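Below are the chains, spelled out letter by letter.
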Amino acid sequence: MSLPQDIRITDVGPRDGLQNEKSVVSVGDKVAFINMLSLSGVAEIEVSSFVSPTWVPQLGDADEVFTNIQRREGVVYSALVPNLKGLMRALEVKLDKIAIFAAASETFSRKNINATIDESIERYRMVVKEAKQSSLRVRGYISCAVACPYEGPIDPSRVRQVAQQLLDLGVDEIDLGDTIGVAVPTDIELLYDELEGLLDPSQTTLHLHNTRGTALASVYRAMELGVFSFDASCGGLGGCPYAPGAAGNLATEDLVYMCEQMDCQTGVDLEKLFAAGRHITAALGRSLTGRVFNADGEETRTGNS
Ligand code: HMG
Ligand code: MG
């Protein structure tokens, strides 16, 4: 089976990676991290969230971070937006795309955004309309696309329902989130089987957390099905404050390494990515968790075989 030749990577580290961190990371460190990511060659960077600072204190500085980063031409800069108030804040800064975030689990939806799924869709209706009027692209996340930390396994038909609701709102893309990192390749197959006729795999982004070490296996299965857009987090940072047990996202460097070794282009320079990872983990006072970075030998690190 042929694999997509060009892989699109969104680094969600500055947002998903940092939102769960208890120790405050300074605006300067966040800006330097994002600037380094811009230089690494990732297609998109999820810079921050315009959510309530009471709910996610770490990202209360989204406005300041956006104002200070250096934009690199060709890189898409995006942020999470939960409501119209968040959109108004986002419109004050220069960004290319917003991401609204629904869930396939009622309990997670209430815990994460204080709304039922249907309430959240209604809330997002005006957000998407206004964003479109300002020529912003809109990503629609579906969290708990495989399982929920509170409800357990999620039936893929519920994901299809929410995907339909988001598409009806006019989102430009659907991002499927395995929020707590339970997915294995057969879950990915079931998910895309269920979406058949509504969404082609190539029209989706896959957002995997690597809690159980199965994210790369799931990526490979998704690539076989035609998915070429993936979220990952530099250094494997990540988690969701409203999803107990959710560990880091799939590490961007591990994703890049696997794709490049299979001759699927990512456009990402691993050494530049390592530099970004070193910077943010030093700011957090820990070491990089990504497997590739920690592998022995310069050969492995540079991807030469
Ligand atoms: P709420 O408390 O119901 O909001 O929270 P509210 O509308 O009742 O407002 C309460 C106060 O918050 C008001 O202030 C508002 O002005 C303020 P007060 O009058 O009391 O002084 N407020 C805001 N301030 C700044 N920016 C805003 C904003 N909105 C309200 N945008 C709300 C509802 C949706 C705001 C809240 O629940 C929230 O912010 N939730 C976000 C939680 C979050 O960010 N979770 C993590 C991201 S999701 C995730 O990680 C999953 C993902 O990675 C995919 C995957 O892994 O599957 C995407
Ligand atoms: Mg996530």
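The structure this text deals with has already been given above.
Residues numbered from 1 in each chain as written. Chains lettered and ligands numbered in written order. Predicted model: local features only at pLDDT ≥ 70, side-chain atom pairs only at ≥ 80, totals over all residues. Heavy atoms only, no water.

A. A look at unusual backbone geometry. The phi angle at Ser-135 is positive, at roughly 60 degrees, despite the residue not being glycine. Note on placement: Ser-135 falls in the loop between helix H6 (117-133) and strand S5 (137-143). You will see that Asp-263, though not glycine, has its phi angle at about 65 degrees, which is positive. Its location among the elements puts Asp-263 in the loop between helix H10 (252-261) and helix H11 (270-284). (Helix = DSSP H or I, 4+ residues; strand = E, 2+ residues; numbered from the N terminus.)

B. Representation of the pattern of salt bridges within the structure. Applying the stated rule across the entire model yields 18 salt bridges. When the shortest N-O distance is used, the salt bridge between Glu-173 and Arg-137 registers 3.8 Å. Placement of the pair is Glu-173 in strand S8 (residues 173-178) and Arg-137 in strand S5, with a sequence separation of 36 residues. Its relative accessible area of 10% is what places Glu-173 among the buried residues. We classify Arg-137 as partly exposed; its relative accessible area is 41%. The partner of Glu-224 in a salt bridge is Arg-221, with the nearest N and O atoms 2.6 Å apart. Pair noted here: Glu-224 and Arg-221 are both in helix H9 (residues 215-225), with a separation of three residues, about one helical turn. With a relative accessible area of 22%, Glu-224 lands in the partly exposed category. Within the structure, one salt-bridge network assembled from shared partners comprises Arg-8, Arg-15, Asp-16, Glu-44, Glu-46, Lys-97, Arg-137, Arg-139, Glu-173, Asp-175 and Asp-231. (Salt bridge = Lys/Arg side-chain N within 4 Å of Asp/Glu carboxyl O. Buried < 20%, exposed > 50% of the residue type's maximum accessible area, 1.4 Å probe, protein only.)

C. Just the pairing of strand S1 (residues 8-11), in detail. Here S1 runs beside strand S10 (residues 229-232); their pairing, made up of four bridges, is parallel. When the bridges of S10 are listed, Asp-11 appears paired with Ala-232. Taken together, the two bridges between S1 and strand S2 (residues 44-49) define a ladder with parallel strand orientation. Bridge pairing in S2 places Thr-10 opposite Glu-44. (Pairing = 2+ DSSP bridges.)

D. Local environment of the coordination of the magnesium ion (ligand 2). Coordination of the magnesium ion (ligand 2) by the protein involves Asp-16 (OD), His-207 (NE2) and His-209 (NE2), with metal-donor separations of 2.1 to 2.3 Å. On the primary sequence, the residues serving as donors to the magnesium ion (ligand 2) are separated as D-x190-H-x1-H. Of this pair, Asp-16 sits in helix H1 (residues 13-17) while His-209 sits in the loop between strand S9 (204-208) and H9, and the two are 193 residues apart along the sequence. Comparing Asp-16 with His-209, the two get one shared label, buried. (Donors = N, O, S within 2.8 Å, 3.2 Å for Na, K, Ca; no water.)

E. Up close: the layout of surface pockets. Its boundaries defined by the atoms lining it, the largest pocket holds a volume of some 450 Å³. Lining of the largest pocket is provided by 27 residues; of these, Val-51, Leu-80, Phe-101, Asn-112 and Ile-113 occupy positions nearest its centre. Considered class by class, the residues forming the lining of the largest pocket number 13 nonpolar, 11 polar and three charged. The volume enclosed by the second largest pocket comes to roughly 310 Å³. For the lining of the second largest pocket, the elements supplying multiple residues, two or more each, are H9, H10 and helix H12 (291-294). Along the lines of polarity and charge, the residues of the lining of the second largest pocket split into seven nonpolar, eight polar and two charged. (1 Å grid on protein atoms, 1.4 Å probe; cavity = no way out; pocket = protein on both sides within 12 Å on 5 of 7 lines; lining within 4 Å. Points joined across faces, edges and corners; volume = space filled by probe spheres on them. Nonpolar A, V, L, I, M, F, W, Y, C, P; charged D, E, K, R; others polar.)

F. Representation of the packing of H6 against helix H7 (residues 156-169) in the model. Close contact between H6 and H7 brings their axes to 9 Å; oriented N to C, the two are set at 20 degrees. By the angle between their directions, the pair H6 and H7 is classed as roughly parallel. Every pair of crossing elements has a handedness; the one defined by H6 and H7 is right-handed. Of H7, the residues touching H6 (which contributes Ile-117, Asp-118, Ile-121, Tyr-124, Arg-125 and Val-128) are Val-162, Gln-165, Leu-166 and Leu-169. (Axes fitted to C-alpha atoms, helices over the stretch in contact; angles between N-to-C directions. Parallel < 35°, antiparallel > 145°, perpendicular 65-115°, else oblique. Left-handed = near helix turned anticlockwise from the far one by under 90°. Contact = heavy atoms within 4.5 Å.)

G. Main features of a nonpolar patch on the surface. Judged by side-chain polarity, Leu-84, Met-88, Leu-91 and Met-126 come together as a nonpolar surface patch covering roughly 300 Å² of accessible area. Considering every element that reaches the nonpolar patch, the biggest residue donor is helix H4 (residues 84-91), with three residues. Within the secondary structure, Met-126 sits in helix H6. (Patch = residues over 30% accessible without salt bridge, like charges linked within 9 Å, V, L, I, M, F, W, Y side chains within 5 Å. Areas by Shrake-Rupley, 256 points an atom, 1.4 Å probe, with all protein chains shown as cover.)

H. Quick peek at the sheet that holds S1. Taking strand neighbours around the barrel as the criterion, the eight strands line up as S1-S2-S3-S4-S5-S8-S9-S10 in a closed arrangement whose pairing is parallel. Ignoring which end each strand starts from, the neighbouring axes of this sheet average 25 degrees apart. Strand direction decides the pairing type here: S9 and S10, joined by three bridges, are parallel. When the bridges of S10 are listed, Leu-206 appears paired with Phe-230. H10 rests against S1 and S10 of the sheet, and its axis sits at about 170 degrees to S1.

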